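A structural walkthrough
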Amino acid sequence: MKGKAKRSKTNLGLPIVILICFLFFVAGFFVSSLFSQDVPRVRPRLRTLELVEEIEQEGQLGSMPHGDTGGASIESIPFQVLSWKPRALYFPNFATAEQCETIIKIAKTNLKPSLLALRKGETAESTKGTRTSSGTFVSASEDETGVMDLIEQKIARATMIPRTHGEAFNVLRYELGQKYDSHYDAFNPAEYGPQQSQRVASFLLYLSNVEEGGETMFPFENGSNIGTGYDYKKCLGLKVKPRQGDGLLFYSVFPNGTIDRTSLHGSCPVIKGEKWVATKWLRDQEQDD
Ligand SMILES: *[C@@H]1O[C@H](CO)[C@@H](O)[C@H](O)[C@H]1NC(C)=O
Ligand SMILES: *[C@@H]1O[C@H](CO)[C@@H](O)[C@H](O)[C@H]1NC(C)=O
């Protein structure tokens with residue numbers, strides 16, 4: 001009996017053990033397959049979260065304690081170096097379309113034919129046709145919308161030339177065929193007499209697109225065309241096509257203060273459409289206005 005019972009126990013037990021083992025195996029397989037499906041679904045989400053946190057931390061770590069006149073955040077103003085001769089930078093999307101339209105609206109009511117600074121011996125009559133645009137000066141303080149104030153601050157940050165060194169915005173409109181022959185923004189004392197304050201850089205903000213023509217040109221870029229009897233009315237050299245909201249900065253003098261001959265520039269005639277531009281001249285002395 002004893003032996004028989006023993007035998008019958010083991011006989012019954014074996015299939016049960018095999019069954020249990022089989023069930024565990026199947027269950028294990030099922031559970032592991034569940035996990036292996038979940039793993040790839042969960043991981044990328046965790047990774048992107050971690051990345052975002054890392055980037056946020058970097059931003060905080062990257063910025064420095066700032067001085068009384070500094071700013072708290074790190075900002076970026078995209079730019080492209082267009083030339084070193086003259087030193088010219090292009091700033092895509094410096095202002096928004098709405099900001100540009102606001103400036104045009106403010107300037108529109110007050111346009112007058114643009115004037116020229118005359119050299120010794122020149123008269124309004126003798127220089128007729130050199131600059132055919134209409135324009136007006138508007139200072140940021142006259143603009144109740146605050147747009148010009150924002151733009152002026154951004155120009156100061158982009159150039160690190162304080163706002164106090166800027167003239168009021170000269171907002172210009174060039175209609176069909178209108179242009180500005182090549183000229184310098186800096187005043188050469190030999191031609192204009194002694195200068196108390198010099199224009200060192202110019203920031204142009206294009207307020208409109210121009211369908212055709214109206215480019216800002218630098219005929220002497222990298223020294224080309226100098227001493228070749230260049231006709232100042234000709235539109236050639238490095239050309240910058242106006243695009244609404246884009247900025248163009250160039251320096252008229254070298255770091256040592258002498259005039260950079262390659263900063264000669266002009267506005268090509270508008271062939272199709274209308275050109276609106278706001279110019280800010282930056283000087284080496286503070287401005288009173
Ligand atoms: C720029 O001008 C210099 C001097 O004339 C010349 O040697 C050089 O090749 C020019 N650079 C380019 C890219 O044309
Ligand atoms: C000023 O700098 C320019 C460009 O570096 C140089 O060609 C010129 O000789 C300098 N003029 C003086 C007076 O130092």
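Scoring rules and cut-offs
- Residues numbered from 1 in each chain as written.
- Chains lettered and ligands numbered in written order.
- Predicted model: local features only at pLDDT ≥ 70, side-chain atom pairs only at ≥ 80, totals over all residues.
- Helix = DSSP H or I, 4+ residues; strand = E, 2+ residues; numbered from the N terminus.
- Buried ≥ 20, exposed ≤ 12 C-beta atoms within 10 Å, placed from the backbone.
- Contact = placed C-beta atoms within 7 Å.
- Core = buried A, V, L, I, M, F, W, Y, C linked by C-beta atoms within 7 Å.
- Expected span 1.5 Å × (residues − 1).
- Pairing = 2+ DSSP bridges.
- Axes fitted to C-alpha atoms, helices over the stretch in contact; angles between N-to-C directions.
- pLDDT = per-residue confidence, 0-100.

**Quick look at the overall build of the protein chain**
Broken down by element type, the protein chain carries 4 helices and 14 strands. The buried share among the 289 residues of the protein chain stands at 27%. Sequence separation of 24 or more characterises 78% of the internal contacts of the protein chain that already satisfy a separation of 6 or more.

**Points about the nonpolar core**
Judged by nonpolar contacts, the single largest core of 44 residues is most densely connected at Ile103, Leu205, Leu207 and Val277. Among residues more than four places away in sequence, those in contact with Ile103 are Val147, Met148, Val171, Leu207 and Ala278.

**Details of helix H2 (residues 97-108)**
Over its 12 residues, H2 extends 16 Å from the first C-alpha to the last, a length consistent with the 16 Å expected when each residue adds 1.5 Å. Contacts from the buried residues of H2 go to strand S4 (134-138), helix H3 (147-159), strand S5 (169-174) and strand S14 (275-283).

**As for the sheet that holds strand S6 (residues 180-183)**
The 4 strands are arranged S6-S12-S9-S10 in an open sheet whose pairing can be described as antiparallel. The open sheet terminates on both sides in strands that have one partner only, identified here as S6 and strand S10 (238-240). This sheet shows a mean twist of 15° between the axes of neighbouring strands, independent of strand direction. Looking at chain direction, S6 and strand S12 (residues 265-267) are connected through 2 bridges and run antiparallel. Bridge pairing in S12 places His183 opposite His265.

**Section: the pairing of strand S11 (residues 247-251)**
Looking along a regular strand, one sees side chains alternate from face to face of the sheet. Counted residue by residue, S11 has 5 buried out of 5 residues, so it is predominantly covered. Residue alternation in S11 divides its side chains into two sets, Gly247, Leu249 and Tyr251 and Leu248 and Phe250, and both sets are buried. Relative to S11, strand S2 (residues 87-91) is paired through 4 bridges, and the arrangement is antiparallel. In the sheet register, Tyr90 faces S11, and the bridge partner there is Leu248. Relative to S11, strand S7 (residues 199-206) runs antiparallel, the two sharing 5 bridges. Bridge pairing links Phe203 to Leu249 in S11.

**Focus: unusual backbone geometry**
Following Lys85, the chain continues to Pro86 via a peptide bond in cis, the omega torsion being 5°. Tracing the backbone through its elements, the reader meets Pro86 in the loop between strand S1 (80-84) and S2. At Asn93, a residue that is not glycine, the phi angle is positive and equals roughly 50°. By the secondary structure assignment, Asn93 is in the loop between S2 and H2. C-beta crowding within 10 Å serves as the criterion here: with 13 such atoms nearby, Asn93 is assigned to the partly exposed category. Positive phi is not limited to glycine here, since Asn225 has a value of about 70°. With respect to the element layout, Asn225 can be found in the loop between strand S9 (216-218) and S10.

**Overview of H3**
For an α-helix, 3.6 residues make a turn, and residues three or four places apart therefore share a direction. Here H3 contains 13 residues, and its C-alpha end-to-end distance of 18 Å stays within 8% of the 18 Å for a straight helix at 1.5 Å per residue. Structurally, H3 contributes buried residues whose contacts are with H2, S4, S5, S7 and S14. Note on H3: the residue one or two positions beyond its end, Met160, has a positive phi of about 60°.

**Some words on the pairing of S5**
Within S5, 5 of the 6 residues are buried, which leaves it mostly tucked inside the rest of the structure. In terms of strand pairing, S5 meets S14 through 5 bridges, oriented antiparallel. Bridging from a neighbouring strand, Leu172 pairs with Val277 of S14.

**Details of the confidence of the model for the protein chain**
With 79% of its residues at a pLDDT of 70 or more, the protein chain shows a mean pLDDT of 86. This stretch, residues 1-10, has a pLDDT under 50; its non-local contacts, to residues over four places away or in other chains, come to 0 contacts. Here residues 34-44 is modelled with pLDDT under 50, and outside its nearest four sequence neighbours on either side it reaches 0 contacts, counting other chains as well.

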